[in-house]
Amino acid sequence: LPNFLQLKRAKVIFVSFSTVKKPALADVFVRAWSKTLQTIATEITTAITNKQESKSPYTKTHFFFIFANIALDKEHLIVIDSLNTPASLTPHLFPTFFSSVITSPCTTLVAVYHTDIPVLPPSRSALDAGYNPDYSPDPETLLCHLATAV
């Protein structure tokens, strides 16, 4: 991790489900506990796009605004300290969450999933939203599939 940061000086966005203090190398610290994946994704994309808008000579009405931002942008490193909490609450939202935060080829995602922590039963809101654990893969299988599908 330190060598990558010295060579590239990527903007580091640290998403914390269990870490209390902001790590020294993190540029942005997102407190993720008790937030939905959608809210966390919004905070991450805001952190990524904040600097892009100030550096870009184009406006949002310009046709090539998105492509200009990708070309002018530096790398982003998103570090998630633990995926166990969202894996227990809403594992079916992982594909949508990952695709919403990895928006450019300049973004790298590093996340930790502890296999020694048991998975809790799905939340009531996940069951109400249509998540059926009987017909869905367990979170570890889903994460392995998503990691190899990219």
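Above this text is the structure in question.
For the structure given in this document, a descriptive report is provided here. (Residues numbered from 1 in each chain as written. Predicted model: local features only at pLDDT ≥ 70, side-chain atom pairs only at ≥ 80, totals over all residues. Heavy atoms only, no water.)

**Some details on the overall build of the protein**
Right, on to step 1. Along its length, the protein carries seven helices and four strands.
Right, on to step 2. Secondary structure elements of the protein occur, N-terminal to C-terminal, as α-β-β-α-α-β-α-α-β-α-α.
Right, on to step 3. Counting only residues that meet the buried cut, the protein has 36% of its 150 residues in that class.
Right, on to step 4. For the protein, restricting intrachain contacts to residue pairs at least 6 apart in sequence, the fraction spanning at least 24 positions comes to 64%.
Right, on to step 5. Total accessible area on the protein is roughly 9,300 Å²; 61% of this is exposed by carbon and sulfur atoms. (Helix = DSSP H or I, 4+ residues; strand = E, 2+ residues; numbered from the N terminus. Buried < 20%, exposed > 50% of the residue type's maximum accessible area, 1.4 Å probe, protein only. Contact = heavy atoms within 4.5 Å. Areas by Shrake-Rupley, 256 points an atom, 1.4 Å probe, with all protein chains shown as cover.)

**What about the packing of aromatic side chains?**
Right, on to step 1. Tallied over the entire structure, the rule returns three aromatic pairs.
Right, on to step 2. With 5.5 Å between their ring centres and 55 degrees between their planes, Phe-97 and Phe-98 make a pair best called tilted.
Right, on to step 3. These aromatic residues form a ring-pair network of at least three members: Phe-94, Phe-97 and Phe-98. (Phe/Tyr/Trp six-rings, centres within 6.5 Å; stacked < 30°, edge-to-face > 60°.)

**Focus on unusual backbone geometry**
Right, on to step 1. Positive phi, close to 60 degrees, is recorded for Ser-34, a residue that is not glycine.
Right, on to step 2. On the secondary structure map, Ser-34 appears in the loop between β2 (28-31) and α2 (37-55).
Right, on to step 3. Residue Ser-34 is classed as exposed on the basis of its relative accessible area of 80%.

**A short note on the sheet that holds strand β1 (residues 11-16)**
Right, on to step 1. Here we have four strands laid out as an open sheet, ordered β2-β1-β3-β4, and parallel in their pairing. Only two strands of the sheet have a single neighbouring strand rather than two, namely β2 and β4 (107-111). This sheet shows a mean twist of 15 degrees between the axes of neighbouring strands, independent of strand direction.
Right, on to step 2. Here five bridges tie strand β3 (residues 76-80) to β4, and the two strands are oriented parallel to one another. (Pairing = 2+ DSSP bridges. Axes fitted to C-alpha atoms, helices over the stretch in contact; angles between N-to-C directions.)

**Some remarks on the side chain of Asp-81**
Right, on to step 1. Its place among the elements puts Asp-81 in the loop between β3 and α4 (84-89).
Right, on to step 2. At 11 Å, Arg-31 is the nearest oppositely charged side chain to Asp-81, a buried residue that forms no salt bridge.
Right, on to step 3. A distance of 3.0 Å separates the side chain of Asp-81 from the backbone nitrogen of Ser-18, its partner in a polar contact.
Right, on to step 4. Only 2.8 Å separates the side chain of Asp-81 from the side chain of Thr-19, close enough to count as a polar contact. (Lys, Arg positive; Asp, Glu negative; His and termini not counted. Salt bridge = Lys/Arg side-chain N within 4 Å of Asp/Glu carboxyl O. Polar contact = N/O pair within 3.5 Å; in protein donor to acceptor, adjacent residues only side chain to side chain.)

**Describing the environment of Ser-99**
Right, on to step 1. Relative to the helices and strands, Ser-99 is located in helix α5 (residues 94-101).
Right, on to step 2. Taking relative accessible area as the criterion, Ser-99 reaches 52% and is therefore assigned exposed.
Right, on to step 3. Through-space distance from the C-alpha of Ser-99 to that of Ala-41 is 9.5 Å; in sequence the pair is 58 residues apart.
Right, on to step 4. A polar contact is formed between the side chain of Ser-99 and the backbone oxygen of Thr-96, at a distance of 3.1 Å.

**Side note on the nonpolar core**
Right, on to step 1. By size, the foremost hydrophobic cluster in this structure holds 23 residues, and its most contacted members are Val-15, Ile-40, Ile-44, Ile-78, Phe-94 and Phe-97.
Right, on to step 2. Here the element with the most residues in this core is α2; it accounts for six residues. (Core = buried A, V, L, I, M, F, W, Y, C linked by side-chain atoms within 4.5 Å.)

**Structural notes on the pattern of salt bridges**
Right, on to step 1. Summed over the entire model, instances satisfying the criterion amount to one salt bridge.
Right, on to step 2. For Lys-35, the salt bridge identified is with Glu-43, shortest N-O distance 2.7 Å.
Right, on to step 3. Residue classification places Lys-35 among the partly exposed residues on the basis of a relative accessible area of 33%.
Right, on to step 4. A relative accessible area of 28% means that Glu-43 is categorised as partly exposed.

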